Amino acid sequence: ALGISDLFDIAARGDMGRMFLSGVQIDRYGNLNVTAIGTPDTPRVKLPGGGGGCNLSGDARHVTVWTAGHRAPVNKAGKRQFRFVQQIDFISSIGHVTRDGTLREALGLRGGGPEWVVTELGVFDFEPVTHVLRLRALYPDTTVQDVLDNTEFEPVIAPDVSTVPLPAPEHVALIR
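Residues numbered from 1 in each chain as written. Predicted model: local features only at pLDDT ≥ 70, side-chain atom pairs only at ≥ 80, totals over all residues. Heavy atoms only, no water.

Asker: I tried to follow the sheet that holds strand β6 (residues 62-66) on my own but got confused; where do I start?
Answerer: By way of backbone hydrogen bonds, the strands of a sheet pair with one another, either parallel or antiparallel. Read across the open sheet, the 6 strands follow the order β1-β6-β7-β8-β9-β10; overall the sheet is mixed. Edge positions in the open sheet fall to β1 (18-21) and β10 (156-163), since each of these has one partner strand only. On average, each strand axis in the sheet is inclined to that of its neighbour by 20°, with strand direction left out of account. Pairing of β6 with strand β7 (residues 114-118) involves 4 bridges; the strand directions are parallel. Looking at the pairing, Trp 66 lines up with Val 118 of β7. (Pairing = 2+ DSSP bridges. Helix = DSSP H or I, 4+ residues; strand = E, 2+ residues; numbered from the N terminus. Axes fitted to C-alpha atoms, helices over the stretch in contact; angles between N-to-C directions.)

In structure tokens form, the structure reads like this:
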């Protein structure tokens, strides 16, 4: 068991191999928001905050982003509520490109940034030149159209999108 200060020390030394992070908003470059929805002057919703995700997203060698909330429900006003948005309201954890277009390499960050994004609709990585979210695999019950319908921006679609195999019965039994 590690204390929180130990966790940050390990990351700051460059000894953290992988970190798993999530966000209420995720943009095309893997930036995450867990701080506030709305403008900095007038936030509509205050979220729990980064809890050190900013440091960890800059220091961990590899980051996997995950969410079980990729599907964009329709609110009472009839508007879709996207988690994967064109532009997040606040950057809590850094992805590959900042809001002003600065590449993470130019920021001098130790870590390599988001490598994978795993959602209930599919598995994504980032296109190496543009650094835009790229669909790599779907689950047996999802389609490319499901991803497009539930993402506010257009992700890159890999030419060889695969299907994630279902877990073997013995793995399901072990999990249960």
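Having seen the structure, we can now continue with the description.
Asker: Please clarify how the pattern of salt bridges should be interpreted in this entry.
Answerer: Where side chains of opposite charge bring their charged atoms close, a pairing between them can arise. Applying the stated criterion to the full structure yields 4 salt bridges. When the shortest N-O distance is used, the salt bridge between Arg 18 and Glu 115 registers 2.6 Å. Of this pair, Arg 18 sits in strand β1 while Glu 115 sits in strand β7, and the two are 97 residues apart along the sequence. What makes Arg 18 partly exposed here is its relative accessible area of 34%. Here Arg 134 and Asp 125 are joined by a salt bridge, their closest N and O atoms 2.7 Å apart. Like Asp 125, Arg 134 is buried. (Salt bridge = Lys/Arg side-chain N within 4 Å of Asp/Glu carboxyl O. Buried < 20%, exposed > 50% of the residue type's maximum accessible area, 1.4 Å probe, protein only.)

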